[in-house]
Amino acid sequence: MTENSTATKLADLRARLDKAQDPGSERAREKRDAAGRTTPRQRINALLDEGSFVEVGALAKTPGDPDAIYSDGVVTGYGMIDGRPVAIYAHDKTVYGGSVGVAFGRKVVEVMDMAIKIGCPVIGIQDSGGARIQDAVTSLAMYSEISRRQMPLSGRSPQISIMLGKSAGGAVYAPVTTDFVIAVDGETEMYVTGPAVIREVTGEDITSAELGGARQQELNGNISAVVDSEDEAFDFVRDLLDHLPTSCFDAAPVFAAPTDDDVAQAPELDLFMPDDSNAGYDMLDLLGHLGDDDNLVEIQANYAPNLITAFGRIDGRAVGFIANNPMHFAGCIDADAADKGARFVRICDAYNIPLVFVVDTPGYLPGVEQEKAGLIHRGAKLAFALVESTVPKVTLIVRKAYGGAYAVMGSKNLSGDINLAWPTAQIAVMGSAAAVVMIQGKQLAAAPPEQRDYLKKVFMDFYDENMTSPYVAAERGYIDAMIQPSETRLALRRALRQLSTKDEHDLPKKHNIMPM
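Thresholds, definitions, all that
- Residue positions within a chain follow its written sequence, with the count starting from 1.
- A pLDDT threshold of at least 70 governs which residues receive local features in this predicted model, and a stricter bar of 80 or more applies before side-chain atom pairs are shown or counted, although totals over entire chains, interfaces and linings include all residues.
- As a rule here, side-chain values cover all heavy atoms of the structure and leave hydrogens and water aside.
- Where helices and strands are cited, they refer to DSSP runs of H or I of at least four residues and of E of at least two residues respectively, numbered from the N terminus.
- Any residue under 20% of the maximum accessible area for its type is buried, any over 50% is exposed, and the rest in between are partly exposed; the area is computed with a 1.4 Å probe on protein chains only.
- Put plainly, a pocket is an open set of points on a 1 Å grid over the protein atoms alone with protein on both sides within 12 Å along at least five of seven lines, a cavity is a set where a 1.4 Å probe fits but cannot get out, and a lining residue has an atom within 4 Å of a point.
- Grid points are joined across faces, edges and corners, and a volume is the space filled by probe spheres set on the points.
- Ten residue types, Ala, Val, Leu, Ile, Met, Phe, Trp, Tyr, Cys and Pro, are classed as nonpolar, four, Asp, Glu, Lys and Arg, as charged, and the remainder, Gly among them, as polar.
- Should DSSP find at least two bridges between two strands, the strands are regarded as paired.
- By convention a crossover is right-handed if, when the strands point away from the viewer, the path from the first strand over the helix to the second runs clockwise.
- Where each domain begins and ends is defined by an automated method or by a domain database.
- Axis definition: a line fitted to C-alpha atoms, limited for helices to the stretch in contact. Angles are taken between N-to-C directions and run from 0 to 180 degrees.
- Note that the term roughly parallel is reserved for angles under 35 degrees, roughly antiparallel for angles over 145, roughly perpendicular for angles of 65 to 115, and oblique for everything else.
- Two helices that cross are described as forming a left-handed crossing if the nearer one is turned anticlockwise from the farther one by less than a right angle, and a right-handed crossing if clockwise.
- The contact criterion used is simple: two residues touch if any of their non-hydrogen atoms lie within 4.5 Å.

> In this structure, what is going on with unusual backbone geometry? I would like to understand it.
With glycine set apart, most residues show a phi of negative sign, and most peptide bonds adopt trans. Positive phi, normally seen in glycine, also occurs at Asp82, with a value near 55°. Its location among the elements puts Asp82 in the loop between strand 2 (74-81) and strand 3 (84-91). Judged by relative accessible area, which is 46%, Asp82 ranks as partly exposed. Even without being glycine, Tyr96 reaches a positive phi, approximately 55°. Relative to the helices and strands, Tyr96 resides in the loop between strand 3 and helix 4 (102-118). Tyr96 gets classed as partly exposed once you look at its relative accessible area, which sits at 26%.

Structural data, given as structure tokens:
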């Protein structure tokens, strides 16, 4: 073959593409393989539909560097998940430690720009050392270019980050700006600055896992879900996308569902609520009875567990459940729960997913620490997000609905569309135990000691009958329907069907201003 023959050129192309498949140094590849870690292309192929990945930029290199390595530390392209298009990129830790350089940045920006044009999710498989120090300002510029494209994508198409290694600096700022962050226990580590830098600057001594391990960052509120393996992370993403549209202009997937006759009666719900209004129960068990099945995709399960945020299905269509969990803080809403709920409301609203509130809360969590944590403005965020949202909002009050926490859990006065209540509901400014102290405290203190318990019970019984009774709220129009628990599944279906063509818009302006 001559040097300029077509055959020679084809052989050269094949050689270059073959080298680009796993371009890291032999030492880096051996280290990766010894640790049992997968390659970026293996990760992409494990997530996408078989044979659907189309790579772009495989032969990209850092310009002006004769020793530059193909791919520049990231694999980028397009593919399908359950037949729906996605843009995807995966860091390659064997090339420059997966750090961001100019070619790296341009490749990621290319697929993000395409996702903006065509309206599809962007999935980033993160495993990066952050900015490429030797590239100085160029690396920082590329991080900024990536971040700048997250804004037009935000709320337009889902953005999902899968954390499959150690990520630092800019490699964590970008993921936490996406809609969902999925981490693997024992594998994911995230931090702005690593242990070595912290030790040098502040003298604090901490391990990498203690600082930024998946479980710790979950407790910090930076992670949507922690799973046990890479395969489970990919399964979670597929389940998540089953509840999300391709873009805000599309409908989420619709699945087969039981018929109305199948759900018309659920007698187990009539027996669900404990007779003791202070007895605990797991709200997740109840949510499993309200939808088409008990398959829920819970978001931030171990962060502020007193408020459950989860995707489920009713009538074959995706819904977002927001529910108080009496097993934690008796279902009170604290500052973390308010942040969690507000973010979930905004995600569902952006992607036109109806909200179903299931209410059992005695109020906002009181305490000095909560005030220091900013409960005032953080609690206000949940109310703000609720009123700002325009999707269908259906509320089911199953037990306690007290004070401001009742208001922000989808009440009619804060823009809830349809409010339903079980006969076990209790709706008031506060519970009878607190009310007796506020209203009758002085009278009880003045009564003979032997009469105080009796007088307290008389007042509490009167208060419960005349103040917390759900029929008081129903008489005043704050409850649309009192229903038997066994009728709940059908009632929720009918409410969501009634609201399916809801069309509501805010007054013309540039944008809202969230509470501080």
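Now that the structure has been shown, the text picks up again.
> Explain empty space enclosed by the protein to me, please; I cannot follow it from the model alone.
Summary: where empty space remains is shown by rolling a probe the size of a single water molecule over the atoms. Evaluated as defined, the whole model comprises three cavities of 30 Å³ or more. Estimates place the volume of the largest cavity at around 80 Å³. Tyr89, His91, Val100, Phe104, Val108, Gln126, Tyr143, Ile146, Ala171 and Ala174 are the residues that line the largest cavity. Residues belonging to the lining of the largest cavity are distributed by class as follows: eight nonpolar, two polar and no charged. Space inside the second largest cavity adds up to approximately 70 Å³. In terms of lining residues, the second largest cavity is bounded by 14 residues, among which Tyr89, Val122, Gln150, Ser161 and Thr178 are the most central. When residues of the lining of the second largest cavity are traced back to their parent elements, those giving at least two are strand 4 (122-126), helix 5 (137-153), strand 5 (159-163) and helix 6 (170-176).

> Honestly, the pairing of strand 7 (residues 180-184) in this entry has me stumped. Any pointers?
Along any regular strand the residues' side chains alternate between the sheet's two faces. Counting buried positions along strand 7 yields five of five residues, so the element is predominantly enclosed. Two elements, strand 5 and strand 7, share four bridges in a ladder whose sense is parallel. Opposite Ile162, over in strand 7, you have Ile182 as the bridge partner.

> Honestly, the pairing of strand 15 (residues 418-421) in this entry has me stumped. Any pointers?
On strand 15, burial covers both faces: Ile418 and Leu420 on one face and Asn419 and Ala421 on the other are all buried. As judged from the four bridges shared by strand 14 (residues 393-402) and strand 15, these two strands associate in the parallel manner. Across the sheet, the residue bridging to Ile397 is Ala421, located in strand 15. Taken together, strand 14, helix 16 (residues 403-408) and strand 15 form a β-α-β motif whose crossover is right-handed. As paired strands, strand 15 and strand 17 (residues 481-482) are joined by two bridges and run parallel to one another. Following the sheet pairing, Leu420 is matched in strand 17 by Ala481.

> What am I meant to see in the domain arrangement of the chain here?
If you check the domain split of the chain, you get domain 1 (17-242), domain 2 (260-425 + 479-499) and domain 3 (431-468). Distance from the C-alpha centre of domain 2 to the C-alpha centre of domain 3: 30 Å.

> So what exactly am I meant to see when it comes to the layout of surface pockets here?
Looking at the second largest pocket, its volume works out to about 410 Å³. Surrounding the second largest pocket, 20 residues form its lining, Lys31, Arg32, Arg37, Lys93 and Asp127 being those nearest its centre. Put simply, the parts of the chain that give the lining of the second largest pocket at least two residues each are helix 2 (26-34) and helix 3 (40-47). Top element by residues in the lining of the second largest pocket is helix 2. It accounts for four residues. Split into classes, the residues belonging to the lining of the second largest pocket amount to three nonpolar, seven polar and 10 charged.

> Which parts of the structure should I look at to understand the packing of helix 13 (residues 335-350) against helix 15 (residues 375-388)?
Packed helix pairs are specified by the crossing angle of their axes together with the interaxial distance, meaning the distance between the axes. Interaxial distance between helix 13 and helix 15 falls to 8 Å at its minimum, and their mutual angle equals 20°. Taken together, the axis directions place helix 13 and helix 15 in an arrangement best described as roughly parallel. The hand of the helix 13/helix 15 crossing is left-handed. Contacts between helix 13 and helix 15 involve Ala335, Asp336, Ala338, Asp339, Gly341, Ala342, Val345, Arg346 and Asp349 on the former and, on the latter, Leu375, Arg378, Gly379, Lys381, Leu382, Ala385, Leu386 and Glu388.

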